[in-house]
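Spelled out, the chains give:
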Amino acid sequence: MKEDYAITIRGRQVYEDEDQGEICLSALGTYREKDGTRFILYKEYDEDNASAYRTALLKVEPGMVTMSRSGSPTRLILEKGRRHLCLYDTGLGSLTVGIYTSQLDVDLNESGGTLEIAYTLDVDSNLSSQNLLHVEVTPVPEPPEL
């Protein structure tokens, strides 16, 4: 995988009206377009083992984003105005969660851009959290030739 893009992901979660804080992930990754679908791939490293990682994929189609990870059954479908039942791997096991996407703003072009996603997670139809996700894709400049 040619890692020629900087991928920055910021996520914020609110649970029972209490802000749980922001997480930020920065990685080098790949960004490509094929037949109108954009693919953002990057590696997520294990905190306990720096050599262990999973490849994360954001598949961006018109009106929908699908998030998945290699080696995991997790597959989250984010489609504005729709609720999807999705499988989520907690690391201790998998559970089915409902995901309702209220905002899906895609501003991606051939050189990168941003995604803004607001969604809720529910378990057994009980609200679990409200979530905001911001993804930024920026090309990494080629190093100058010596």
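Data block above holds the structure.
Structure report, in brief.

## Some points on the overall build of the protein
Part 1 of the reasoning: Scanning the protein from N- to C-terminus turns up zero helices and ten strands.
Part 2 of the reasoning: When the elements of the protein are put in sequence order from the N terminus, they spell out β-β-β-β-β-β-β-β-β-β.
Part 3 of the reasoning: Scaling as 2.2 N^0.38, a compact globule of 146 residues should have a C-alpha radius of gyration of about 15 Å, and the protein matches this with 16 Å.
Part 4 of the reasoning: For the C-alpha atoms alone, the extent of the protein along its principal axes is close to 60 × 35 × 30 Å.
Part 5 of the reasoning: Burial status across the protein gives 34% buried among its 146 residues.
Part 6 of the reasoning: Put simply, 34% of the contacts in the protein that link residues at least 6 apart link residues at least 24 apart.
Part 7 of the reasoning: Here the protein has roughly 9,200 Å² of accessible surface; of this, 48% comes from carbon and sulfur atoms.
Part 8 of the reasoning: In the protein, which carries 14 positive and 25 negative side-chain charges, the distance between the mean positions of the two groups comes to 6 Å.

## Some remarks on the packing of aromatic side chains
Part 1 of the reasoning: What the rule picks out here adds up to one aromatic pair.
Part 2 of the reasoning: Taken together, a centroid distance of 5.3 Å and an interplanar angle of 65° make the contact between Tyr5 and Tyr31 edge-to-face. Here Tyr5, found in strand E1 (residues 5-15), pairs with Tyr31, found in strand E2 (residues 18-34); they are 26 residues apart in sequence, far enough to count as distant.
Part 3 of the reasoning: For Tyr5, a relative accessible area of 10% gives the class buried.
Part 4 of the reasoning: The residue whose ring lies beneath Lys43 is Tyr53, and the NZ or CZ to ring-centre distance is 4.7 Å.

## Quick look at the pairing of strand E6 (residues 75-79)
Where a strand is regular, its side chains alternate between the two sheet faces.
Part 1 of the reasoning: Burial analysis of E6 places four of its five residues in the buried class, the great majority of the element.
Part 2 of the reasoning: In this structure, strand E5 (residues 64-69) lies alongside E6, joined through five bridges in antiparallel fashion. Its bridge partner being in E6, Thr66 is matched across the sheet by Ile77.
Part 3 of the reasoning: Connecting E5 to the next strand, E6, in antiparallel fashion are five residues, including Gly71 with a positive phi near 70°.

## Re the pairing of E5
Part 1 of the reasoning: Across six bridges, the pairing between strand E4 (residues 53-61) and E5 is antiparallel. In the sheet register, Lys59 faces E5, and the bridge partner there is Thr66.

## Some points on the environment of Leu104
Part 1 of the reasoning: With respect to the helices, strands and loops of the structure, Leu104 is situated in strand E8 (residues 94-109).
Part 2 of the reasoning: Separated by 29 residues in sequence, Leu104 and Leu133 place their C-alpha atoms 9.6 Å apart.
Part 3 of the reasoning: Each residue touching Leu104, except ones within four places of it in the same chain, is listed here: Gly63, Met64, Val65, Leu78, Lys80, Glu116 and Ile117.

## What about the environment of Asp35?
Part 1 of the reasoning: Relative to the helices and strands, Asp35 resides in the loop between E2 and strand E3 (37-45).
Part 2 of the reasoning: A relative accessible area of 73% means that Asp35 is categorised as exposed.
Part 3 of the reasoning: A sequence separation of ten residues divides Asp35 from Leu25, and the C-alpha atoms of the two residues are 28 Å apart.

## Quick word on the nonpolar core
Nonpolar side chains tend toward joint burial in soluble globular proteins.
Part 1 of the reasoning: Judged by nonpolar contacts, the single largest core of 27 residues is most densely connected at Ile40, Val65, Ile99, Leu115, Val135 and Val137.
Part 2 of the reasoning: When residues no more than four places from it in sequence are discounted, the contact partners of Val137 are Tyr5, Ala6, Ile7, Tyr31, Ile40, Leu108, Ser111, Gly112 and Gly113.

Cut-offs used in this document
Residues numbered from 1 in each chain as written. Predicted model: local features only at pLDDT ≥ 70, side-chain atom pairs only at ≥ 80, totals over all residues. Heavy atoms only, no water. Helix = DSSP H or I, 4+ residues; strand = E, 2+ residues; numbered from the N terminus. Rg over C-alpha atoms; globule rule 2.2 N^0.38 Å. Buried < 20%, exposed > 50% of the residue type's maximum accessible area, 1.4 Å probe, protein only. Contact = heavy atoms within 4.5 Å. Areas by Shrake-Rupley, 256 points an atom, 1.4 Å probe, with all protein chains shown as cover. Lys, Arg positive; Asp, Glu negative; His and termini not counted. Charge placed at Lys NZ, Arg CZ, Asp CG, Glu CD. Phe/Tyr/Trp six-rings, centres within 6.5 Å; stacked < 30°, edge-to-face > 60°. Lys NZ or Arg CZ within 6 Å of the ring centre and 35° of its normal. Pairing = 2+ DSSP bridges. Core = buried A, V, L, I, M, F, W, Y, C linked by side-chain atoms within 4.5 Å.

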